[in-house]
Amino acid sequence: MDTLRAARFPFLPDASEYAEKNLESIDALLTHPIYEGARKRGLERIRSALSTTDRKIPDVTLAGGSRAEENRMNEILSYPYARILVSCINDRLLTQRYALTEAERMVSILETDSMAAQVIIDEFEVNAKDDHREYIEMHFADYLRYSYVMHAIDWKLINRDVKNGYVRMERSKFNRLLQNAYRLRIEQELPLNVPEGYIGMIRRDLEAVKMMLIELKDSLSPTGGQEMKNEFLPPCISGIIRMAQNGQNLPHSARFALVTFLHALGLNYQQIVAIFAVSPDFNEAMSEYQIKHITGELNGGEGYTPPTCATMKTNGICLNPDELCGKLKHPLGYYRIKAGIKGPSSKQPPTP
């Protein structure tokens, strides 16, 4: 068994085989002092994912040194421990950040161990040809599957070198697609079905992760975790609110923009529906369905995100833009700047 490769890529079968041979039980992993290093490393993996400054899992010595074997064991076992923590909390943002961070780490290691590419290709069942040269070929079906989140023009299939159904690309771009493949795999696998009894065993670490998650959400929130203040609203949203309060009929695009924006700022259903209650065509049953559909409350999802400034202009609801509007691409950015909140918003432009 290649324990070095298992430690570098803990999702491979070698890592699972190592864990089965060296781990007495999951209970032991969660409680026994001998695995304290693995638990600390698992928590570190999550702490890195939730960092607001440097989302990167720190390196440890795996290839040599007096503690190499111990570090390899901790690295391998920290992976299932981190997944257990993420599963117990079962928060979408946490899962996505964790998945992305693990995927980025895989690629950073793969860049120094290119010979491992074929092992990863086989594990993810990617239809690709790696002859260990500068370029790699991936079947166009897999290329489309893993490049759909890439919006740059050069990622479009029409701009790629395609021959006999295979897309030829630089190794760096191929690694980027493997990153997407691994990220999607983690998101699909989690949450794990963790027995209720395990929660008490790891309660301290769970509370630590929850606190980190709260801090991250506050930093990403357009309001910085505070209540919405009208004086920071962009002109378009203020204008739509005035229209609603004056009893004017709002077009669907304006209703959608208002609901998604207010939801992004943390307003609940009762606070949002109160704005529409004065409209002449107000129907609470219909409004409840529309608002809860847009916010994701009906299906337990995250809901839609607010439209960009470009979309607002296209829909004719970019109202009374001021000088600051001309410098921004998204209404949420306007609120953050006016409120003096640093850092990017967690809400990205939507695809309704």
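Calculation criteria
- Residues numbered from 1 in each chain as written.
- Predicted model: local features only at pLDDT ≥ 70, side-chain atom pairs only at ≥ 80, totals over all residues.
- Heavy atoms only, no water.
- Helix = DSSP H or I, 4+ residues; strand = E, 2+ residues; numbered from the N terminus.
- Buried < 20%, exposed > 50% of the residue type's maximum accessible area, 1.4 Å probe, protein only.
- Areas by Shrake-Rupley, 256 points an atom, 1.4 Å probe, with all protein chains shown as cover.
- Lys, Arg positive; Asp, Glu negative; His and termini not counted.
- Charge placed at Lys NZ, Arg CZ, Asp CG, Glu CD.
- Axes fitted to C-alpha atoms, helices over the stretch in contact; angles between N-to-C directions.
- Parallel < 35°, antiparallel > 145°, perpendicular 65-115°, else oblique.
- Left-handed = near helix turned anticlockwise from the far one by under 90°.
- Contact = heavy atoms within 4.5 Å.
- Nonpolar A, V, L, I, M, F, W, Y, C, P; charged D, E, K, R; others polar.
- Polar contact = N/O pair within 3.5 Å; in protein donor to acceptor, adjacent residues only side chain to side chain.
- Pairing = 2+ DSSP bridges.
- 1 Å grid on protein atoms, 1.4 Å probe; cavity = no way out; pocket = protein on both sides within 12 Å on 5 of 7 lines; lining within 4 Å.
- Points joined across faces, edges and corners; volume = space filled by probe spheres on them.
- pLDDT = per-residue confidence, 0-100.
- Salt bridge = Lys/Arg side-chain N within 4 Å of Asp/Glu carboxyl O.

1. Overview of the overall build of the chain
For step 1, the next point in the chain: The secondary structure content of the chain amounts to 17 helices and four strands.
For step 2, the next point in the chain: Projected onto its principal axes, the C-alpha positions of the chain cover 70 × 55 × 35 Å.
For step 3, the next point in the chain: Burial status across the chain gives 47% buried among its 352 residues.
For step 4, the next point in the chain: If you sum the accessible surface of the chain, you get close to 18,300 Å²; carbon and sulfur atoms cover 49% of it.
For step 5, the next point in the chain: Averaging the positions of the 43 positive and the 45 negative side-chain charges in the chain gives two centres separated by 5 Å.

2. Some details on the packing of helix α5 (residues 68–89) against helix α6 (residues 92–110)
For step 1, the next point in the chain: Two numbers describe how α5 lies on α6: the axes approach to 10 Å, and their chain directions differ by 160 degrees. As far as their axial angle goes, α6 and α5 are roughly antiparallel. Handedness of the α5/α6 crossing: left-handed. Here Glu75, Tyr79, Ala82, Arg83, Val86 and Ile89 of α5 lie close against α6, whose contacting residues are Leu94, Thr95, Tyr98, Glu102 and Arg105.
For step 2, the next point in the chain: Of the residues contributing to the contact of α5 with α6, the split by class is six nonpolar, one polar and four charged.

3. Quick look at the side chain of Ser48
For step 1, the next point in the chain: Looking at the secondary structure, you find Ser48 in helix α4 (residues 36–49).
For step 2, the next point in the chain: A polar side-chain atom of Ser48 sits 3.3 Å from the main-chain carbonyl oxygen of Lys56.
For step 3, the next point in the chain: If we skip the residues at most four places from it in the chain, Ser48 touches Asp54, Arg55, Lys56, Ile57 and Pro58.

4. What to know about the sheet that holds strand β4 (residues 166–170)
For step 1, the next point in the chain: Reading across from one edge, β1-β2-β4-β3 is the order of the four strands in this open sheet, with antiparallel pairing throughout. Since the sheet does not close on itself, it has two edges, and those belong to β1 (128–129) and β3 (161–163), each with one partner.
For step 2, the next point in the chain: Relative to β4, strand β2 (residues 135–139) runs antiparallel, the two being bridged by five bridges. When the sheet's bridge partners are listed, Met138 is paired in β4 with Val167.

5. Examining the layout of surface pockets
For step 1, the next point in the chain: In this structure, the second largest pocket encloses a volume near 360 Å³.
For step 2, the next point in the chain: Here the lining of the second largest pocket gets five residues from one element, more than from any other, and that element is α5.
For step 3, the next point in the chain: By residue class, the composition of the lining of the second largest pocket is 15 nonpolar, two polar and three charged.

6. What about the pairing of β2?
For step 1, the next point in the chain: Alternating positions in β2 separate cleanly, Ile136 and Met138 being buried on one face and Tyr135, Glu137 and His139 remaining unburied on the opposite face.
For step 2, the next point in the chain: By the bridge criterion, two bridges tie β1 to β2 in an arrangement that is antiparallel. Across the sheet, residue Lys129 finds its bridge partner in β2, namely Glu137.
For step 3, the next point in the chain: The turn linking β1 back onto β2 is made up of five residues, and His132 within it adopts a positive phi angle of 60 degrees.

7. Some details on the confidence of the model for the chain
For step 1, the next point in the chain: With 93% of its residues at a pLDDT of 70 or more, the chain has an overall mean of 89.
For step 2, the next point in the chain: Per-residue pLDDT, averaged within each element of the chain, yields its smallest value for helix α14 (residues 269–276) (85) and its largest for α4 (97).
For step 3, the next point in the chain: Low pLDDT, under 50, characterises residues 344–352; the stretch is placed with 25 contacts to residues that sit more than four places away or in other chains.

8. As for the pairing of β4
For step 1, the next point in the chain: With three bridges joining them, β3 and β4 adopt antiparallel strand pairing. Considered in β4, the bridge of Val162 is made with Val167.
For step 2, the next point in the chain: Hairpin connection between β3 and β4: a loop of two residues separates the two successive antiparallel strands, and Asn164 in this loop has a positive phi of roughly 55 degrees.

9. Quick look at the pattern of salt bridges
For step 1, the next point in the chain: All chains considered together, the criterion is met by 25 salt bridges.
For step 2, the next point in the chain: For Asp130, the salt bridge is made with Arg171, and the minimal N-O distance between the two is 2.9 Å. Placement of the pair is Asp130 in the loop between β1 and β2 and Arg171 in helix α9 (residues 171–189), with a sequence separation of 41 residues.
For step 3, the next point in the chain: When salt bridges with common partners are traced through the structure, they connect Arg41, Glu44, Arg45, Asp59, Glu75, Glu102 and Arg105 into a single cluster.

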